[in-house]
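Examination of the molecular architecture
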Amino acid sequence: ALARVDIARASRTGAAAWARDNPTVSLAGGPRALTSGDWVPDLVVGLSVPLELSGVGALRPRVADAQVLLAEAEADALGAQVVGEALALWVRAGAADARATLAAEVRASFERSAQVATTRVNRGVAGGSEVALATVALARARAAEESARAEAIAAVEALAARLAVARGGAVRVRGALEVEP
């Protein structure tokens, strides 16, 4: 996009020229027969200078200015789109990290529940089904935590790719998005 802006600016430089084409010089020569029957050398030199009388030349600078404005607007729009995509990925990565943290807390809670269920069974207060239920819930919580961690890693990798961070470069998602009223 920036290259198109540079091209438009460069074309603007020559847009005010009075003629689009360069003057042309033409040469012709050869023998010419006279009415007397004699031959004489003949040389013709021509100069052609194109003139623009239609008024279109006056419009060329305005068109070139408009092309520069269009190229600059396209570059700005593309920049805004890239920033928007990066912000969306930043929000996605932050949300995925929050879900992974929450999943870790849920897993820790189910680990405590499984310990309590095992203690209750060992003391004879509850049956084996309570331990089985707690074990299943713990397994599901571990799977949800792993899934959330994988999603967080994928989101950070997508953000790093969008920001063109070198492979293995550190990308951390922090901060808050503040909007002015």
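Assignment of secondary structure puts Glu145 in helix H3 (residues 128-162). Of the residues examined, Glu145 reaches a relative accessible area of 11% and is grouped as buried. Those residues in contact with Glu145 that lie beyond four places of it in its chain are Ala103, Ala104 and Arg107.

The next subject is H3. Between its terminal C-alpha atoms H3 stretches 51 Å, which fits the 51 Å expected from 35 residues at 1.5 Å a residue. Looking at the residues trailing H3, positive phi occurs at Ala164, about 60°.

Attention now moves to the pattern of salt bridges. Applying the stated criterion across every chain, the model contains 7 salt bridges. Between Arg99 and Glu151 there is a salt bridge; the shortest N-O distance is 2.4 Å. Here the residue Arg99 occupies a position in helix H2 (residues 56-122), and Glu151 occupies one in helix H3, the gap between them amounting to 52 residues. Among the residues examined, Arg99 registers a relative accessible area of 39% and is labelled partly exposed. One salt bridge connects Glu145 with Arg107, and the closest N-O pair in it is separated by 2.4 Å. Of this pair, Glu145 sits in helix H3 while Arg107 is found in helix H2, placing the two residues 38 residues apart along the sequence. Both residues of the pair, Glu145 and Arg107, belong to the buried class. It is possible to trace a salt-bridge network through shared partners that takes in Arg107, Glu111, Arg142 and Glu145.

Moving on, we get to the pairing of strand S1 (residues 24-33). Sheet topology places S1 next to strand S2 (residues 39-48); 10 bridges connect them, and they run antiparallel. Directly across from Val25, in S2, lies its bridge partner Leu47. Between the antiparallel neighbours S1 and S2 lie 5 residues, among them Gly37 with a positive phi of about 100°.

Next up on the list: the nonpolar core. Core analysis: the largest hydrophobic core is formed by 5 residues, namely Val5, Ala8, Val68, Ala71 and Ala75. Looking at this core, the elements that each hand over two or more residues are helix H1 (2-13) and H2. For this core, the leading source of residues is H2, giving 3 residues. Excluding residues within four positions of it along the chain, Val68 makes contact with Ala8, Arg9 and Arg12.

Inspection of the secondary structure assignment puts Asp6 in helix H1. Along the primary structure Asp6 and Val68 are separated by 62 residues, whereas in three dimensions their C-alpha atoms are 8.4 Å apart.

Moving on to the confidence of the model for the protein. Summing up the model confidence of the protein, the mean pLDDT is 83 and the portion of residues at 70 or higher is 83%. Within the protein, H1 has the poorest average pLDDT of any element, 75, and H3 the best, 90.

What follows covers the environment of Ser109. You can see Ser109 is positioned in helix H2. Overall, Ser109 belongs to the partly exposed group, its relative accessible area being 33%.

How each quantity is defined
- Residues numbered from 1 in each chain as written.
- Predicted model: local features only at pLDDT ≥ 70, side-chain atom pairs only at ≥ 80, totals over all residues.
- Heavy atoms only, no water.
- Helix = DSSP H or I, 4+ residues; strand = E, 2+ residues; numbered from the N terminus.
- Buried < 20%, exposed > 50% of the residue type's maximum accessible area, 1.4 Å probe, protein only.
- Contact = heavy atoms within 4.5 Å.
- Expected span 1.5 Å × (residues − 1).
- Salt bridge = Lys/Arg side-chain N within 4 Å of Asp/Glu carboxyl O.
- Pairing = 2+ DSSP bridges.
- Core = buried A, V, L, I, M, F, W, Y, C linked by side-chain atoms within 4.5 Å.
- pLDDT = per-residue confidence, 0-100.

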